[in-house]
Amino acid sequence: MQQAKRRQPVMGPFAEIVDTWLMEDMLKPRKERRTAAAIYRQLRQEYGFKGSERTVRAYVSRRKKELRVEAQQKYLRLEHPPGQAQVDFGTTHVVWDTELRQIKYLMFSFPYSNAGFCVPVPSENTECFLHAMIQVFEWIGGVPAEIWFDNLSAAVVSVGKGEQRELTETFRRFMLHYRFEAKFCNGGKGNEKGHVENKVGYTRRNWLVPYPLASSYEELTEELYQRALEDIQRPHYAKGVTIAELWEEDKKALLPLPTTPFEPVQFETARVNKYGQVHCHGEIYTVPSAQVGETVLLKLWWDRVEVFSRTQERLTTFPRHYTLKTKPIDWKGYFKIFVRKPRGARHATMYRFLPEQVRQHLESCAPKVYRERLKFIYDLLEEGFTIEAIAQTLEEAGTQRAGDNGFIRHKLYRITYADTPPKALDEAYKHCH
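## A few points about the environment of tyrosine 322
- In this fold, tyrosine 322 is placed in the loop between β13 (314-319) and β14 (326-328).
- For the pair tyrosine 322 and proline 235, spaced 87 residues apart in sequence, the C-alpha separation works out to 39 Å.
- In this view, tyrosine 322 contacts Pro122, Ser123, Asn125, Cys128, Glu283, Trp301 and Trp302; residues no more than four positions away in its chain are not counted.
- Among the polar contacts made by the side chain of tyrosine 322, one reaches the side chain of asparagine 125 at a distance of 3.5 Å.
- Polar contacts involving the side chain of tyrosine 322 include one to the main-chain carbonyl oxygen of tryptophan 302, which spans 2.5 Å.

Following this line, the structure appears as structure tokens:
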């Protein structure tokens, strides 16, 4: 027994006192909470503590983290029964047509089980928002009875005192159709939807890195759904069972889906101008079958625009245009890295997004030549040629001329500057070669 006492940490007799102070401080404004140094001084003065300040600091740092986790777990147990959900938007990048394209994704999280689903969309507008929610409802086979939201503009027109919210007419009809209760967070109350905010970050780090290669939203949506199904197989962070087991309890608490799905659309009118065009949300659509000056009805879906005449005849349908933030991939920057680290080039995140012709050119040769070809492409990029033009040139050059750098450079110049005659060869150059 005496030996056990000697091994007892110096903080042992004071742990409950410090824990009480820390829990007490959690009720106070942040600026009024004790620091570790203040706790150390109070222990020395009031309780004759003989340990070091470093010991107190280490204990306080560890216990603060543990108490925050305990508080969050208690909050989830008490406030989040099965079937309750939280929703928020996140932002990420995907590689689309050789560009980094910034897109949004709607995150749907279930705090009770820690399950989560996300749907990529081009915008946070009402049509994308409702489309993504319907997609999740169909995936899970039901509707959460209570869903927490931020005061996002796709649902809320204005925020009043307390819980007063003026909702958009479309969102109000959507709520009635699916029969769920919408809850909105108060300003500064992050814990009210803290679970989904954490899930937004988790999803970005674990499902969307490295950047996905996307050719359509439908394809990316399916990929992220599969990631969600795989993710629920892992253990819950606190409850000792898998997320999938808890998810079954979540699903039992869902409301049934309505027989008829909601149409997540907006209607607008527009006048056809003298060029046979209509303007909608900053975008221009040509409607050749409409009369100049005619007023047409636009039915806006998340991904398309349907145009109707006054007699409700559908005139045409267009893919919906979105002005997305895009930026070309910095291939010159990446090839600078590849030249420095040729053995690691193929393992770089962006290497797989190279145009196919460039990858084949690099990989269809011996290791020594591979390094030389990396340097050659880097030099071309340094000179201002684009990766797309280089890819086109390599395709036209074919395998027989793949090693002829002079031929490739000349052909690349002709492709890039098709309207500019090439400069005459310098006499000195002719004699040298």
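After that view, the rundown keeps rolling.
## Observations regarding the confidence of the model for the protein
- Summing up the model confidence of the protein, the mean pLDDT is 85 and the portion of residues at 70 or higher is 90%.
- The model gives residues 1-8 a pLDDT under 50, and that stretch makes one contact with residues more than four places away or in other chains.
- The model gives residues 429-433 a pLDDT under 50, and that stretch makes one contact with residues more than four places away or in other chains.

## With respect to the sheet that holds β13
- Here we have four strands laid out as an open sheet, ordered β8-β11-β12-β13, and antiparallel in their pairing. With one partner strand each, in any of the chains shown, β8 (266-271) and β13 form the two edges of the open sheet. Averaged over all pairs of adjacent strands, the angle between their axes in this sheet comes to 25°, without regard to strand direction.
- Two strands pair when backbone bridges link them, and strand β12 (residues 304-308) and β13 are joined in this way by five bridges, in the antiparallel orientation. Bridge assignment links arginine 304 to a residue of β13, and that residue is proline 319.

## Some points on the nonpolar core
- One finds Phe129, Phe149, Phe171 and Phe180 to be the most contacted residues of the largest nonpolar core, which totals 60 residues.
- Every residue in contact with phenylalanine 180, bar those within four places of it in the chain, is listed here: Met133, Phe137, Val143, Pro144, Ala145, Ile147, Phe149, Phe171, Phe174, Met175 and Leu255.
- Residues Val95, Tyr378, Leu381 and Ala391 belong to the second largest nonpolar core, which totals 29 residues.

## Quick word on the pattern of salt bridges
- Inspection of every chain in the model, using the stated rule, returns 21 salt bridges.
- One salt-bridge network, held together by shared partners, links Asp19, Arg62, Arg63 and Glu66.

## Quick notes on unusual backbone geometry
- Following valine 209, the chain continues to proline 210 via a peptide bond in cis, the omega torsion being 0°.
- Take proline 210: it is sitting in the loop between α7 (194-207) and α8 (217-231).

## Remarks on the environment of tryptophan 331
- In this structure, tryptophan 331 sits in helix α10 (residues 331-340).
- Relative accessible area serves as the criterion here: at 5%, tryptophan 331 is assigned to the buried category.
- A C-alpha to C-alpha distance of 43 Å links tryptophan 331 and valine 157, two positions 174 residues apart in sequence.

## Considering the pairing of strand β2 (residues 99-110)
- Along β2, 10 of the 12 residues are buried, which leaves the element largely enclosed by surrounding structure.
- For strand β1 (residues 84-96) and β2, the ladder comprises 11 bridges, and the chain directions are antiparallel. From the neighbouring strand, phenylalanine 89 faces β2, where its bridge partner is leucine 106.
- Linking β1 back to β2 in an antiparallel pair, the connection comprises two residues, with aspartate 97 at a positive phi of about 55°.
- As paired strands, β2 and β14 are joined by three bridges and run antiparallel to one another. Of the residues in β14, the one forming a bridge with glutamate 99 is proline 328.

## Brief notes about the packing of aromatic side chains
- Applying the stated criterion to the full structure yields 35 aromatic pairs.
- Where phenylalanine 110 meets tryptophan 247, the ring centres are 4.8 Å apart and the plane angle is 65°; that geometry is what we call edge-to-face. Here phenylalanine 110 is found in strand β2, whereas its partner tryptophan 247 is found in helix α9 (residues 243-252), with 137 residues between them in sequence.
- You can call phenylalanine 110 buried: its relative accessible area is 0%.
- What makes tryptophan 247 buried here is its relative accessible area of 5%.
- Considering the side-chain rings of phenylalanine 149 and phenylalanine 180, the 6.3 Å spacing of their centres and the 45° angle between planes classify their relative orientation as tilted. Within this pair, whereas phenylalanine 149 is found in strand β4 (residues 146-149), its partner phenylalanine 180 is found in the loop between α6 (169-178) and β7 (181-184), the two being separated by 31 residues in sequence. Accessibility classification places phenylalanine 149 together with phenylalanine 180 in one group, the buried group.

Cut-offs used in this document
Residues numbered from 1 in each chain as written. Predicted model: local features only at pLDDT ≥ 70, side-chain atom pairs only at ≥ 80, totals over all residues. Heavy atoms only, no water. Helix = DSSP H or I, 4+ residues; strand = E, 2+ residues; numbered from the N terminus. Contact = heavy atoms within 4.5 Å. Polar contact = N/O pair within 3.5 Å; in protein donor to acceptor, adjacent residues only side chain to side chain. pLDDT = per-residue confidence, 0-100. Pairing = 2+ DSSP bridges. Axes fitted to C-alpha atoms, helices over the stretch in contact; angles between N-to-C directions. Core = buried A, V, L, I, M, F, W, Y, C linked by side-chain atoms within 4.5 Å. Buried < 20%, exposed > 50% of the residue type's maximum accessible area, 1.4 Å probe, protein only. Salt bridge = Lys/Arg side-chain N within 4 Å of Asp/Glu carboxyl O. Phe/Tyr/Trp six-rings, centres within 6.5 Å; stacked < 30°, edge-to-face > 60°.

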